[in-house]
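Chains, contacts and geometry: an overview
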Amino acid sequence: MCSGRCRYDSGFDEWIRHFMVTQSDPSAIATTERPMRVCFVSQLAWGVFAPDSNARFGGAESQMHGLAVALAKDPAFEVSFVLQDFGQPRELVIDGVRVIRYSRPFKGSRALKSLRWLSVGVSSFTRVWGADADVYVESPAGFPTFHCVAVARLRRRATLFAIASDGDLQREPPDVVAAHEAALERRVFLWAMPRATTITALSEYQRAELKRQFGRDSVIIPNAFPIPEAPPTVEKDAVLWVASSQELKQPWLFLDLAEAYPTERFVMVMPSNDVSLFERIQKRAQTLPNLVFVESVPFTEIQSFFDRAKVFVNTSTVEGFPNTFVQSAMAATPVLSLQVNPDDILDRGGFGRCADGDFERLRSDLEELLADDGLRSRMGAAGYAYARERHDIDVVIAQFKEVLQRTVRRASSG
């Protein structure tokens with residue numbers, strides 16, 4: 001039997017001996033003195049590891065990256081991360097994390113679409129298997145959820161699925177979600193997700209929905225960021241919107257706000273996702289002299305936009321717990337949301353307002369905030385205090401380690 005990270009190219013007999021021992025004695029996972037092996041799987045996370053690559057990623061990917069890097073600082077854990085091929089080497093170490101790539105879909109005709117995705121699935125499954133982890137941590141929803149659960153069940157290991165969006169919990173997802181997921185991918189995800197050893201949520205609403213829809217309990221792991229010891233002191237000079245170009249983000253509503261307040265400076269950061277929507281929004285944005293349109297900002301630089309914002313505006317219809325809410329709070333920037341308000345946190349935390357889907361109310365709230373420096377300052381201070389207490393990476397990673405330990409024990413006990 002090999003210990004630590006096994007190399008399967010050292011002989012078939014050695015591989016068989018390793019396989020038989022690890023499958024027949026799951027208690028060895030929890031009792032060995034070696035570091036716990038944790039494998040994160042988040043297919044589009046390369047852009048967070050390599051900001052200069054300009055590769056697209058979302059909130060789930062940035063959270064998986066942050067947890068992986070923080071966990072890798074602890075010698076009690078050995079951390080790997082499986083993600084898609086963006087032209088990087090097959091395997092490398094970044095910030096103490098062993099980053100492993102799998103193949104992206106090869107180009108071909110529509111007739112070969114199924115074969116293309118099958119090849120990706122095999123590559124992903126193989127890399128997840130080869131990571132040889134005690135626990136697999138996966139987000140967001142998709143085929144990789146199935147790969148992690150399948151590998152863990154075959155190898156008698158543990159899995160943790162991290163809910164990223166409220167849409168993950170809908171058996172019949174809204175059209176905006178279904179349009180971006182093949183029917184097969186949705187079906188295999190819905191089979192795999194409830195079979196994860198542990199499921200984490202971002203809000204009490206998600207916990208309740210998971211219990212109602214799937215009969216599963218969950219534990220809340222908040223979004224985590226390195227919160228500064230004091231809020232920024234830079235001048236705040238703009239109204240900010242940050243999201244990808246998706247219909248559910250409703251970016252055109254932010255342009256409506258910019259048009260309504262021509263003397264205020266507006267900044268829109270919108271990486272291209274839906275190309276057609278991106279081009280329409282970009283074209284209209286160019287007609288507004290008080291709006292600065294930015295296509296892409298490296299992850300390492302995006303916080304400076306929140307630091308300089310007077311107000312952050314969210315116009316989405318569906319989210320989980322937006323990273324942008326925490327990034328605004330840690331910048332002492334008030335949040336105005338059209339519809340998203342997980343667990344009424346904007347009201348309870350005192351750092352923002354939700355318009356409950358009423359655009360005119362959103363516009364009125366923005367007008368009030370822009371006119372009242374004192375109100376913005378009080379909301380900003382409340383937001384910073386909330387972020388410091390609830391979302392600091394040092395606080396969250398301690399909670400996450402405990403969840404990982406419980407997850408591995410649960411899997412090893414059958």
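It should be noted that the structure appears before, not after, this text.
Here we summarise the structure given alongside this text. This structure is a prediction, so every number in the text was calculated from the model and none was measured.

With that settled, consider the pairing of strand β1 (residues 36–41). In terms of burial, β1 is largely enclosed, as six of its six residues are buried. Residues of β1 alternate between two faces, with Met36, Val38 and Phe40 on one and Arg37, Cys39 and Val41 on the opposite face, all of them buried. Relative to strand β2 (residues 77–84), β1 runs parallel, the two sharing six bridges. If you follow Val38 over to β2, its bridge partner there is Val79.

Moving on: the nonpolar core. Grouped burial of nonpolar side chains is what soluble globular proteins tend to show. In this structure, Val38, Phe40, Leu71, Phe81, Val97, Phe400 and Leu404 are the most contacted members of the largest nonpolar core, which totals 37 residues. Among the elements of the structure, β1, α3 (46–49), α4 (59–72), β2, β4 (97–102), β5 (135–138), β6 (158–162) and α17 (393–412) are those that each provide at least two residues to this core. No other element matches the eight residues that α17 contributes to this core. Aside from chain neighbours lying at most four places away, what touches Val97 is Phe49, Ala68, Val69, Ala72, Val79, Ser80, Phe81 and Leu92.

Further remarks concern the sheet that holds strand β3 (residues 91–94). Spatially, β3-β4-β2-β1-β5-β6-β7-β8 is the arrangement adopted by the eight strands of the open sheet, whose pairing is mixed. Among the strands making up the open sheet, the edge pair consists of β3 and β8 (219–220). When β5 meets β6, the two strands line up parallel, connected through four bridges. The residue of β6 that forms the bridge with Glu138 is Phe161.

Turning next to the environment of Val311. Tracing the chain through its elements places Val311 in strand β12 (residues 309–314). With 73 residues separating them along the chain, Val311 and Ala238 place their C-alpha atoms 7.2 Å apart. If near-sequence neighbours (up to four positions away) are discounted, Val311 is found in contact with Ala238, Val239, Leu240, Thr333, Pro334, Leu336, Leu366, Leu369 and Arg376.

In this structure, Pro140 follows Ser139 across a cis peptide bond, with omega equal to 0°. Inspection of the secondary structure assignment puts Pro140 in the loop between β5 and α6 (143–155). The backbone of Gln250 shows a phi angle near 50°, a positive value even though the residue is not glycine. With respect to the helices and strands, Gln250 occurs in the loop between β9 (238–242) and α10 (251–260). For Gln250, a relative accessible area of 16% corresponds to the buried category. Positioned with a positive phi, Asp356 is a non-glycine residue whose angle comes to about 55°. If you trace the backbone, Asp356 turns up in the loop between β14 (352–354) and α15 (359–371).

We now examine the side chain of Ser245. Note that Ser245 resides in the loop between β9 and α10. The class of Ser245 is buried, set by a relative accessible area of 0%. Engagement of the side chain of Ser245 in a polar contact is seen with the backbone nitrogen of Asn273, the distance being 2.5 Å. Among all residues touching Ser245, those that are not within four sequence positions of it are Met270, Pro271, Ser272, Asn273, Asp274, Leu277 and Phe278.

A few words on the pattern of salt bridges. Within this structure, the stated rule accounts for 23 salt bridges. For the salt bridge of Asp132 with Arg155, the shortest nitrogen-to-oxygen distance reads 3.3 Å. Separated by 23 residues along the polypeptide, Asp132 in the loop between α5 (113–130) and β5 and Arg155 in helix α6 bring together distant segments of the chain. Assigned by exposure class, Asp132 and Arg155 land together as buried. Taking the shortest distance from any N to any O, the salt bridge between Arg265 and Asp237 comes out at 3.5 Å. Here Arg265, found in the loop between α10 and β10 (266–269), pairs with Asp237, found in the loop between β8 and β9; they are 28 residues apart in sequence, far enough to count as distant. Through salt bridges with shared partners, a single network forms among Arg37, Asp132, Arg155 and Arg157.

Basis of the calculations
- Residues numbered from 1 in each chain as written.
- Predicted model: local features only at pLDDT ≥ 70, side-chain atom pairs only at ≥ 80, totals over all residues.
- Heavy atoms only, no water.
- Buried < 20%, exposed > 50% of the residue type's maximum accessible area, 1.4 Å probe, protein only.
- Helix = DSSP H or I, 4+ residues; strand = E, 2+ residues; numbered from the N terminus.
- Pairing = 2+ DSSP bridges.
- Core = buried A, V, L, I, M, F, W, Y, C linked by side-chain atoms within 4.5 Å.
- Contact = heavy atoms within 4.5 Å.
- Polar contact = N/O pair within 3.5 Å; in protein donor to acceptor, adjacent residues only side chain to side chain.
- Salt bridge = Lys/Arg side-chain N within 4 Å of Asp/Glu carboxyl O.

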